[in-house]
Amino acid sequence: MSVVEKPKIDRILAVDDTKDNLILVQTILESEGYQIDLVSDGKSALKYVEQSPPDLILLDVMMPGMDGYEVTRRIRQNPEIKSYVPILLITAFHESSVVEGLDNGADDFIRKPFDTDELLARVRSLLRLKHSLDEQQKMSRQREDFVSRLTHDLRTPLVAADRMLGLFQDETFCKISPEMKQAISVMIRSNQNLMQMVNTLLEVYRLEAGKKTFNDEVCNLPEIVQEVVSELSPLTREKNLYVEVDTSGLAPNPTDPGIVMGDALELRRVFNNLLGNAIKFTDTGGITIRFSEETNNLQGKTWVIITIEDTGYGIAPEDQAGIFERFRQGRNKRSGSGLGLHLSYRIAEAHGGNITVASELGKGSVFTVRLPKSIEESRE
């Protein structure tokens, strides 16, 4: 036997310091099947919305103590109110008051004395907006949950496969030929690439869902970059590429050269992505990583600047504009999922910095990472 869900009844909060106005609005809206709650001042409205956000607020502009503009502004600026609540201002003022209300975050307005049909039409319109936004948020949460579960389920067999392939390569079970070892090495690398894609996808969705937190710690960027260079050295040796790290640009500031406040693990991820890409798209020559610092006297900020320059294929001008967009893949046959650069940019952005690119086909690319030195500067 199937259970039929009852249709949801929309809850509307009416706010007005005049009792007769509240009774009128209540009579009109309850006759249409809405659930109406009434409060007579702005302070009570804010408390109500924090405890149990309604589907719509009808808010009188002119109230003693706290007017409708201030109530609207506080609702929109309150981080504790997670869902979006449309606000319909009820005003008897001239048009300039409407502009003020909309600037503070109201969604619509209606003038006193209002026509019943017009009030109902505006209420229906704003409730459609509310339902549409709620449905989008629901779909977004379902997507995030799906991605989280999918990536978790994918990682389990990938880790198991990686361990088993390692045992084969180490000849734990039996002796294998050099040709088979080479084939297993290719399988291990492909498996690890897939694992990296899965991890990157999960990190992107965590960040965009606001579930990713960043630590504040002292980060020695030259040391982090040198560690990444060492980790990726097997790839550079395989392709016979050079990698140079030039820190001479940090000389003017010998006390804390290349030091920033941030999340070392996430910054390592940025440089791993950028250097990994440089290696992937470079067949001859190599990569040069340069450090420098720059002080902007007008802003009062000091930046650590890291450039990663390769001698690879380069990036076409039409691809450079959207290169940091999510799932934006380049035209090169070696292009990956299009998530690594997007995640790197978002991490730099979360630290108060940015990443830019300059490139020319056939002459290589230069990615520039700019990071503020202090936490205070990154949060301004």
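Residues numbered from 1 in each chain as written. Predicted model: local features only at pLDDT ≥ 70, side-chain atom pairs only at ≥ 80, totals over all residues. Heavy atoms only, no water.

As annotated in an unreviewed UniProt entry, the protein carries the name histidine kinase and is attributed to Anabaenopsis circularis NIES-21. Recorded in UniProt under Catalytic activity (unreviewed entry), the annotation for the protein is "ATP + protein L-histidine = ADP + protein N-phospho-L-histidine." (UniProt positions renumbered as here; feature names shortened; annotations may be inferred.)

A few words on the UniProt feature "modified residue: 4-aspartylphosphate" (unreviewed entry) in the protein. UniProt records the feature "modified residue: 4-aspartylphosphate" (unreviewed entry) for Asp-60 in the present numbering. Residue position: Asp-60 is located in strand 3 (residues 56-60). The buried category is assigned to Asp-60, whose relative accessible area is 4%. If we skip the residues at most four places from it in the chain, Asp-60 touches Val-15, Asp-16, Asp-17, Gly-68, Ile-90 and Lys-112. (Helix = DSSP H or I, 4+ residues; strand = E, 2+ residues; numbered from the N terminus. Buried < 20%, exposed > 50% of the residue type's maximum accessible area, 1.4 Å probe, protein only. Contact = heavy atoms within 4.5 Å.)

This part covers the environment of Asp-170. Relative to the elements of secondary structure, Asp-170 occurs in the loop between helix 5 (116-169) and helix 6 (178-208). In this structure the C-alpha to C-alpha distance between Asp-170 and Lys-181, which are eleven residues apart in sequence, comes to 8.9 Å.

What follows is about the pattern of salt bridges. The full count for this structure, using the stated rule, is 20 salt bridges. In this structure, the salt-bridge partner of Arg-268 is Glu-231, at a minimum N-O distance of 3.1 Å. Of the two residues, Arg-268 sits in helix 9 (residues 264-280) while Glu-231 sits in helix 7 (residues 221-231), which places them 37 residues apart along the sequence. Glu-231 gets classed as partly exposed once you look at its relative accessible area, which sits at 46%. Notably, a salt bridge pairs Asp-283 with Lys-239, separated by 3.2 Å at the nearest N-O pair. Within this pair, whereas Asp-283 is found in the loop between helix 9 and strand 9 (286-296), its partner Lys-239 is found in helix 8 (residues 233-239), the two being separated by 44 residues in sequence. (Salt bridge = Lys/Arg side-chain N within 4 Å of Asp/Glu carboxyl O.)

A cluster of nonpolar side chains, contributed by Met-164, Leu-167, Phe-168 and Phe-173, occupies part of the molecular surface with about 360 Å² of accessible area. Assignment of secondary structure puts Met-164 in helix 5. (Patch = residues over 30% accessible without salt bridge, like charges linked within 9 Å, V, L, I, M, F, W, Y side chains within 5 Å. Areas by Shrake-Rupley, 256 points an atom, 1.4 Å probe, with all protein chains shown as cover.)

All right, on to the nonpolar core then. Leu-221, Phe-271 and Ile-289 are the most contacted members of the largest nonpolar core, which has 38 residues in total. Elements supplying a minimum of two residues to this core: helix 6, helix 7, helix 9, strand 9, strand 10 (301-310), helix 11 (340-350) and strand 12 (364-372). It is helix 9 that contributes the most residues to this core, seven residues altogether. Domain assignment of the residues forming this core places at least three in each of domain 2 (139-209) and domain 3 (217-372). Residues Val-15, Ala-45, Leu-46 and Leu-89 belong to the second largest nonpolar core, which totals 20 residues. (Core = buried A, V, L, I, M, F, W, Y, C linked by side-chain atoms within 4.5 Å. Domains from an automatic or database assignment.)

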